[in-house]
Amino acid sequence: YDRASAWVEKAYAELEKDPAFRHRNAQRELSLAVAKSFIDRTPLAAEAPTGTGKTLAYLIGGLAAACATRGSEAPTPLVVSTATKVLQQQ
């Protein structure tokens, strides 16, 4: 989990270089929870309000887990699903 956590921190440090990026603690915490869930192979049900940046949080957490465990176990699929039509179009 330490490698995934470091990956998440590095990803957000890179994102924060972009002036258009808005720092959100809840987004980073969700990324860490997603990474831990993948590494521990435990289910995670996550909910957060609009504007939290859930999609990016899910993707960063999933990528962090994949990079931290590369070569050590079978890949785990990452599915990000939404009922919001605008997000589906993205």
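Described below are features of the structure shown in this document. (Residues numbered from 1 in each chain as written. Predicted model: local features only at pLDDT ≥ 70, side-chain atom pairs only at ≥ 80, totals over all residues. Heavy atoms only, no water.)

1. Notes on the pattern of salt bridges
No. 1: This model, assessed by the stated rule, comprises four salt bridges.
No. 2: The partner of E14 in a salt bridge is K17, with the nearest N and O atoms 3.0 Å apart.
No. 3: For E14, a relative accessible area of 44% puts it in the partly exposed group.
No. 4: Put simply, R28 and E16 hold a salt bridge, and the shortest N to O gap is 2.8 Å. Of this pair, R28 sits in helix α2 (residues 25–40) while E16 sits in the loop between α1 (2–15) and α2; the two residues are 12 residues apart in sequence, bridging distant segments of the chain.
No. 5: A relative accessible area of 17% places R28 in the buried class.
No. 6: Judged by its relative accessible area of 38%, E16 is partly exposed.
No. 7: Members of the salt-bridge network, linked through shared partners, are E9, E16 and R28. (Salt bridge = Lys/Arg side-chain N within 4 Å of Asp/Glu carboxyl O. Buried < 20%, exposed > 50% of the residue type's maximum accessible area, 1.4 Å probe, protein only. Helix = DSSP H or I, 4+ residues; strand = E, 2+ residues; numbered from the N terminus.)

2. A word on the nonpolar core
No. 1: Formed by 17 residues in total, the largest nonpolar core has its most connected members in A4, V8 and Y12.
No. 2: Looking at this core, the elements that each hand over two or more residues are α1, α2 and α3 (54–68).
No. 3: Those residues within four positions of A4 in sequence are excluded, and the remaining contacts are A35, I39, A64, A65 and A68. (Core = buried A, V, L, I, M, F, W, Y, C linked by side-chain atoms within 4.5 Å. Contact = heavy atoms within 4.5 Å.)

3. Thoughts on a nonpolar patch on the surface
No. 1: A grouping of L59, L78 and V80 is seen on the molecular surface, where their side chains present a nonpolar patch of about 200 Å² in accessible area.
No. 2: With respect to the secondary-structure elements, V80 resides in the loop between α3 and α4 (85–89).
No. 3: The exposure class of V80 is partly exposed, given its relative accessible area of 35%. (Patch = residues over 30% accessible without salt bridge, like charges linked within 9 Å, V, L, I, M, F, W, Y side chains within 5 Å. Areas by Shrake-Rupley, 256 points an atom, 1.4 Å probe, with all protein chains shown as cover.)

4. Things to note about the side chain of S37
No. 1: One can find S37 in helix α2.
No. 2: S37 gets classed as buried once you look at its relative accessible area, which sits at 11%.
No. 3: The residues contacting S37, other than those within four sequence positions of it, are T42, P43 and L44.

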